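So the chains spell out like this:
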Amino acid sequence: MKDDYIIVEVAVPIPVFETYIYRLKKSKTENLPDKELIGRRVLVPLKKTKTVGIITDVKEISDIDKFDFEIKDIEEIPDRYPIYSKEYIELLKELSEFYLSPIGLTLYYGMPDSLRWKYIKSKNRWEKIGFNNYIIYTTVNITDSYKLPKRQKELLEYVISVGETSYEDLTEIGFSPITIKSLINKGLLKKENLYFLEETEQFRLKQNIKPFGKEFLKKGIFLYSSERIEKRLENYVNLIANSIYEGKSSLIIFPNVATLKKAYKFLKPIFEDKLYIYFDGLKSKEKIKTWFNLKNLSGLVCIGTFSSIFIPIKNLSLLVIEEEHSNSYKLMRVPRFDIRNFGYKLYKNKKNLTFILASSTPSVETVYLKEKGLAKSFKENRDLLKSIKSKIIIESFNYSEIDEKLKYLLKDKDNILLLANRKGYSSILYCEVCQTEITCERCDIPLKVHINPKRLECPLCNTKYEFINNCIHCGNRLSQFGFGVEKLERELKKIFPDKRIRVETTIIDKELLFDKYETVVNIFPDIFLRKADFKADEKFFRAVVYPYIKSTKNYILITNKREHIGIKSLINKSIELFYKNELDRRKILNYPPFKQFILLSFEGKELKKSHVEKLFKDWLEKFNIKDIDYEGVFFAYYPYLREKFRYQIILKDFKEKFLLKELFNMATKRAIKLIIDVSPKEIK
DNA sequence: AGCACGCCGACT
DNA sequence: GTCGGCGTGCTC
């Protein structure tokens, strides 16, 4: 009897760090066109319900005696092919271990959302969101010339009218499987499996794109910071063409959809049907098609956002992460890992991968990779700032004079981008009688005033409140203080009704990456230095330097931090000056990348600092942890968020990371939510 | 996560 | 006496 089963390890989408063991009946694998089990989706029972999981390993049948729990059977294998490759399963396992991100959740959120089936217990059925096993379409456009039964005629007319549909859609609206089948047999309907497209046509590059020699398709990690994003994209065309010419595939990742779409417009006419796009907002059918084509075929190019890193692309030879410093490459939710690190793992694992980390203002970590000799410069080592000719004007900041100053500075300018990292209309609403600010009920921080529509909004949890004129305690009229971009925009439009002025809070992570303006005004980036974050100087530097790259004639910087190294490197037109200084500083202070940080955030409704201290002490004692570098429990930068108190601990270079899983379990038992952030991007 | 169990307070 | 709120435990 034993021989009729295969024992497999399955990662299920629940917040635990382990995988579970299931039995798979051999007969269920007999008709599979691909015998590989690892990377497959499986439908499994889990406690009193069912879930979709991913096979991560195949065990020896003799292991069965080792388990002291009842082993349940896999109910079904829903797909003809695995969705992840063995290689990606291996790497994602390692990465989840490194970031202490539950493997089941990592694989679950990595796959196309339409494959994340949910079992609805009350309805006793699976919810297959937008799922289609194969598409049904037709090549005819009129039904008149065919003699068909009434129902078949209706079906054919329906398919003609919608163009492309699915088996599920058709049965859902009332066509029987027999009707569908007979039209398929007559050749009037065609079905195409999305999972399995044949490797057919020989792709020809458009005339004007010629393979470029092989000098840039070498194995290696490269830092590409010597040119602007427009210019970089032009260079990728040659690399992609090279890769396709060799029958291999490329992946270019962008930090946001707006930038991605601009890149698509540029690349589509060049690479036509060899170009695929992948991002969360894509239609589920398209996502599945892109996923499986990239997994099964070769000689393609994909551009996408964060989620595209999960596609197990066949013969990947070029990986580019654009604007690699962006915060969007590490999510604040599961899977809590940094895709740059995944790129690094892919690079280590593949024989020939060109891995490019590109940014006009790269992250300190990536510059450090270059310092250590792990990454090389892509193209010549030239400072981008030296090629920018726009004039730098530095002015001091004073809140009461800002309107007058802008009026004076902008009087002879046009085509202006104005940046101020202040959301909303004004910063606070204040009662001068009670001397209190109007604050968010859930976060206890001042609400910002917004207009269009007029409302109050919490800058942290985004809860919206009705605008009030009078104080809720004494009825006195409330006053507004501070300014935001909405107020700046309104007032500048009043002063200069004919000028082209765009007002934004930030450039980074907006579609502005490709845009240029004659004059860029940057108001008070000093705000980035207010937070005692280890990355504060880097953020300030980027906030000062990045807008300069977008200006063609004038760059007006309004700041009171003239002595900061970030501004010095701008004036000296040398980004290297900043990185050298910053690396020295971080080394002295034992900050990343010299020490690895693990940020522990504890959250709870009635949580007190002493509870966290007790929990941490108990953990240290229980596991006899002596060798640990941390500076105690402190209040988080936002100590009260969404009705929860928040405390943090920073561990430096903590080696026994697996023990944090136990801390996580202990915290859960005490109703404390613990968020473990390995190599945090920011501390907030 | 998502479900069940079990202990309390509020209700017919 | 029992309905349901949510704290706690567990998933191969």
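Below you will find a few notes about this structure. Note that the coordinates shown come from a computational prediction; the quantities given were computed from them, not determined experimentally. (Residues numbered from 1 in each chain as written. Chains lettered and ligands numbered in written order. Predicted model: local features only at pLDDT ≥ 70, side-chain atom pairs only at ≥ 80, totals over all residues. Heavy atoms only, no water.)

## Quick word on helix H15 (residues 575-588)
Right, so step 1: With 14 residues, H15 should reach 20 Å at 1.5 Å per residue; the first-to-last C-alpha distance of 21 Å fits that figure.
Right, so step 2: What H15 keeps buried is the set Ile575, Phe578, Tyr579, Glu582, Leu583 and Arg586. Seen from one end, H15 has its buried residues packed into an arc of 125°, which puts them on one side. Residues of H15 that are exposed and angled more than 90 degrees away from the buried face: Glu576, Lys580, Lys587 and Ile588.
Right, so step 3: Taken from the residues just after H15, Asn590 is the one with a positive phi, measuring 60°. (Helix = DSSP H or I, 4+ residues; strand = E, 2+ residues; numbered from the N terminus. Expected span 1.5 Å × (residues − 1). Buried < 20%, exposed > 50% of the residue type's maximum accessible area, 1.4 Å probe, protein only. Arc of directions from axis to C-beta.)

## Here we look at the pattern of salt bridges
Right, so step 1: One pass over the full model with this rule turns up 45 salt bridges.
Right, so step 2: For Arg23, the salt bridge identified is with Asp73, shortest N-O distance 2.8 Å. Placement of the pair is Arg23 in strand E2 (residues 20-25) and Asp73 in strand E5 (residues 72-73), with a sequence separation of 50 residues.
Right, so step 3: Salt-bridge contacts for Lys661 lead to Glu97; the nearest nitrogen and oxygen are separated by 3.0 Å. With Lys661 in helix H17 (residues 659-669) and Glu97 in helix H1 (residues 86-99), the pair connects residues that are 564 residues apart, well separated along the chain.
Right, so step 4: Judged by relative accessible area, which is 16%, Lys661 ranks as buried. (Salt bridge = Lys/Arg side-chain N within 4 Å of Asp/Glu carboxyl O.)

## Observations concerning a positive patch on the surface
Right, so step 1: Together, Lys454, Arg477, Arg490 and Lys494 line one region of the surface with positive charge.
Right, so step 2: Topologically, Arg477 is positioned in the loop between strand E24 (464-466) and strand E25 (479-481). (Patch = residues over 30% accessible without salt bridge, like charges linked within 9 Å, V, L, I, M, F, W, Y side chains within 5 Å. Areas by Shrake-Rupley, 256 points an atom, 1.4 Å probe, with all protein chains shown as cover. Lys, Arg positive; Asp, Glu negative; His and termini not counted. Charge placed at Lys NZ, Arg CZ, Asp CG, Glu CD.)

## A word on the pairing of strand E29 (residues 597-604)
Right, so step 1: Counted residue by residue, E29 has eight buried out of eight residues, so it is predominantly covered.
Right, so step 2: Of the two faces of E29, the one holding Phe597, Leu599, Ser601 and Glu603 and the one holding Ile598, Leu600, Phe602 and Gly604 are both buried throughout.
Right, so step 3: For E29 and strand E32 (residues 644-652), the ladder comprises eight bridges, and the chain directions are antiparallel. Directly across from Gly604, in E32, lies its bridge partner Phe645.
Right, so step 4: Where E29 and strand E33 (residues 673-678) come together, six bridges link them in antiparallel fashion. In the strand pairing of E33, Leu599 is matched with Asp677. (Pairing = 2+ DSSP bridges.)

## Points about the protein's contact with DNA strand B
Right, so step 1: Taken together, the residues surrounding DNA strand B are Ile14, Pro15, Lys47, Lys48, Lys118 and Lys121.
Right, so step 2: For DNA strand B, the backbone makes up 29% of the atoms found within 4 Å of the protein, where backbone means sugar plus phosphate.
Right, so step 3: For the surface near DNA strand B, the class distribution of residues is two nonpolar, no polar and four charged. (Near = heavy atom within 4 Å. Nonpolar A, V, L, I, M, F, W, Y, C, P; charged D, E, K, R; others polar.)

## Observations regarding the state of the cysteines
Right, so step 1: One pass over the structure, following the stated rule, counts zero disulfides.
Right, so step 2: Between Cys440, a free cysteine, and Cys458, which holds the nearest cysteine sulfur, the sulfur-to-sulfur gap is 3.7 Å.
Right, so step 3: Assessed through its relative accessible area of 2%, Cys440 is described here as buried.
Right, so step 4: The thiol sulfur of Cys471 is not disulfide-bonded, and the nearest other cysteine sulfur, from Cys431, lies at 3.6 Å.
Right, so step 5: When its relative accessible area of 5% is taken as the criterion, Cys471 is described as buried. (Disulfide = S-S within 2.5 Å.)

## Some thoughts on the sheet that holds strand E22 (residues 448-450)
Right, so step 1: In space, the three strands of this open sheet follow the order E22-E23-E24, with antiparallel pairing throughout. The sheet terminates laterally at E22 and E24, the two strands that pair on one side only. Shown here is a sheet whose adjacent strand axes are inclined to one another by a mean of 35°, direction ignored.
Right, so step 2: Sheet topology places strand E23 (residues 455-457) next to E24; three bridges connect them, and they run antiparallel. Among the inter-strand pairings, Arg455 is bridged to a residue of E24, identified as Glu466. (Axes fitted to C-alpha atoms, helices over the stretch in contact; angles between N-to-C directions.)

Keep in mind these values describe shape, not function.
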